[in-house]
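Coordinate inspection notes
Residues per chain are reported as follows:
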Amino acid sequence: MNSQPITEPKTLQEAIVHFSDPDNCIAYMVARRWPDGVVKCPTCGRNDVAYIPARRVWQCKTRHKKCQFSVKVGTIMEDSPISLDKWLVAMWMIANCRNGVSSHEVKRALGVTQKSTWFMLHRIRWAMRDTDRPSKIGGPESAPVEVDESFVGGKLKNMHRSRANAIRASAPVDRLDGYETRWDSKTAVIGMLDRESRQVRAKVVPNVKRETLQNEILKNVKYGSKVYTDEAVAYDLLRRRYVHDTVNHSECYVKGQVHTNGLENFWSLMKRNLSGTYVAVEPFHLDRYLDEQLFRFNNRINVDDATRFGKIATQVLGRRLTYADLTGKAAVLARPF
Ligand SMILES: [Zn+2]
């Protein structure tokens, strides 16, 4: 026998087969969570814990709450009755389906309820959020930064009345306050592309007023950077801090190096995903859909499927998102860029 067991699946098909064995799921997560191979109690940190194979949990020798723990404890999967193999296959799908996956596709593939799927996908998106990055992009010696805003969402008045009413009923009024364009209309998103690293950051903004947009640029782009935007009046005070150049989108889209086409590429991918796969997203949830889009976009070059999946499987650690968070008020999930 010289056939080696698959230790890291390379395709969705291999992932489904590999993770159908619960011990493979645990081994995979242990390797990401404890890279030195020493399992530690998430509550007290003891590293001489005993594994109980029959229950697939560890027992900490100190008496305290949660002294028996599974590999899910302390991750987005904690307290979830959904088995690890389903979580991992869902993560694979969302990491690697270029055009996104709908909750219906995941529901069918995993055989779990619509509500569970919705909750799982939101938690996975939470894990896809990039927190390991520099606070600011650009710099005087660096390649230019493109900045542009876009609008997302369909108008409810264009939808069938029953669907529009269902969406209105599902979005509590207090979560819609503060969005100037209201849920009835489109939601504004600001995006920035660092041409040096080819990385995009984007977030929902309450409006596209000059002050709002400029504050985001000041917070995210190093002073002295070359900043390219369109000619929107919103950006005309940037010259004090940046080497600012604009392109007039009503006349031309490219003025030599001065254009925002890199960002246009991100917007078009995002809109294709949101309109095709996700249909309607209220502003409250849009940041997490953006996190998903940004994750795939920023990990698209020179990153293979197994690596992209592994990144999510690692980022599930230390993040929690409860059902109450998701159905509660926006403040809970308000995030910096
Ligand atoms: Zn312990």
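Attention now moves to the overall build of the protein. The secondary structure content of the protein amounts to 12 helices and 10 strands. The proportion of buried residues among the 337 residues of the protein is 31%. Partitioning the contacts of the protein with sequence separation of at least 6, the portion at a separation of at least 24 is 63%.

Let us now look at the sheet that holds strand β1 (residues 50-52). Spatially, β1-β2-β3 is the arrangement adopted by the three strands of the open sheet, whose pairing is antiparallel. Here the strands that pair on one side only, and so sit at the sheet edges, are β1 and β3 (68-69).

Residues Leu-88, Ala-90, Met-91, Ile-124 and Ile-312 are the most contacted members of the largest nonpolar core, which totals 60 residues. With 10 residues, helix α3 (residues 84-96) is the largest single contributor of residues to this core. If we ignore the near neighbours within four places in the chain, the residues touching Ala-90 are Val-106, Leu-110, Met-120, Leu-121 and Ile-124.

Direction vectors running N to C along α3 and helix α4 (residues 103-110) enclose 140°, while the axes themselves pass 11 Å from each other. Viewed along their axes, α3 and α4 form a crossing whose handedness is right-handed. Each of Lys-86, Val-89, Ala-90 and Met-93 in α3 lies in contact with α4, whose residues at this interface are Val-106, Ala-109 and Leu-110. Grouping the amino acids of the contact of α3 with α4 by side-chain chemistry returns six nonpolar, no polar and one charged.

Next up on the list: helix α5 (residues 114-128). Between its first and last C-alpha atoms α5 spans 21 Å; for 15 residues at 1.5 Å apiece the expected length is 21 Å, and the two agree. The buried fraction of α5 is high, at 11 of 15 residues. Of all the residues in α5, the buried ones are Thr-117, Phe-119, Met-120, Leu-121, His-122, Arg-123, Ile-124, Arg-125, Trp-126, Ala-127 and Met-128.

We now examine the sheet that holds strand β8 (residues 243-247). If you walk across this open sheet you meet the five strands as β6-β5-β4-β7-β8, and the pairing is mixed. Looking at strand neighbours, the two that pair on one side only are β6 (199-205) and β8, the edges of this open sheet. Ignoring which end each strand starts from, the neighbouring axes of this sheet average 25° apart. Note that strand β4 (residues 145-152) and strand β7 (residues 226-230) share two bridges and pair parallel. Looking across to β7, one finds that Glu-146 is bridged to Tyr-228.

Here we come to the confidence of the model for the protein. Predicted coordinates in regions of low pLDDT should not be interpreted in detail. On average, residues of the protein carry a pLDDT of 84, and 79% of them reach 70 or more. Below a pLDDT of 50 lies the segment residues 330-334, which in the model reaches five contacts outside its immediate sequence neighbourhood of four places, other chains included.

Positive phi, close to 70°, is recorded for Asp-79, a residue that is not glycine. At Asn-302, a residue that is not glycine, the phi angle is positive and equals roughly 60°. Note that Asn-302 resides in the loop between α10 (283-298) and α11 (305-315). The class for Asn-302 is exposed, based on 6 C-beta atoms found within 10 Å.

When two helices pack together, their arrangement is given by the angle between their axes and by how far apart the axes lie. Axis separation between helix α2 (residues 22-33) and α3 bottoms out at 9 Å; the angle between their running directions is 60°. As the angle between them shows, α2 and α3 are arranged oblique. As for how α2 packs across α3, the hand of that crossing is left-handed. Packed against α2, whose contacting residues are Pro-22, Cys-25, Ile-26 and Met-29, the element α3 presents Leu-84, Asp-85 and Leu-88 at the interface. In terms of residue class, the contact of α2 with α3 is made up of six nonpolar, no polar and one charged.

Cut-offs and rules
- Residues numbered from 1 in each chain as written.
- Predicted model: local features only at pLDDT ≥ 70, side-chain atom pairs only at ≥ 80, totals over all residues.
- Helix = DSSP H or I, 4+ residues; strand = E, 2+ residues; numbered from the N terminus.
- Buried ≥ 20, exposed ≤ 12 C-beta atoms within 10 Å, placed from the backbone.
- Contact = placed C-beta atoms within 7 Å.
- Pairing = 2+ DSSP bridges.
- Core = buried A, V, L, I, M, F, W, Y, C linked by C-beta atoms within 7 Å.
- Axes fitted to C-alpha atoms, helices over the stretch in contact; angles between N-to-C directions.
- Left-handed = near helix turned anticlockwise from the far one by under 90°.
- Nonpolar A, V, L, I, M, F, W, Y, C, P; charged D, E, K, R; others polar.
- Expected span 1.5 Å × (residues − 1).
- pLDDT = per-residue confidence, 0-100.
- Parallel < 35°, antiparallel > 145°, perpendicular 65-115°, else oblique.

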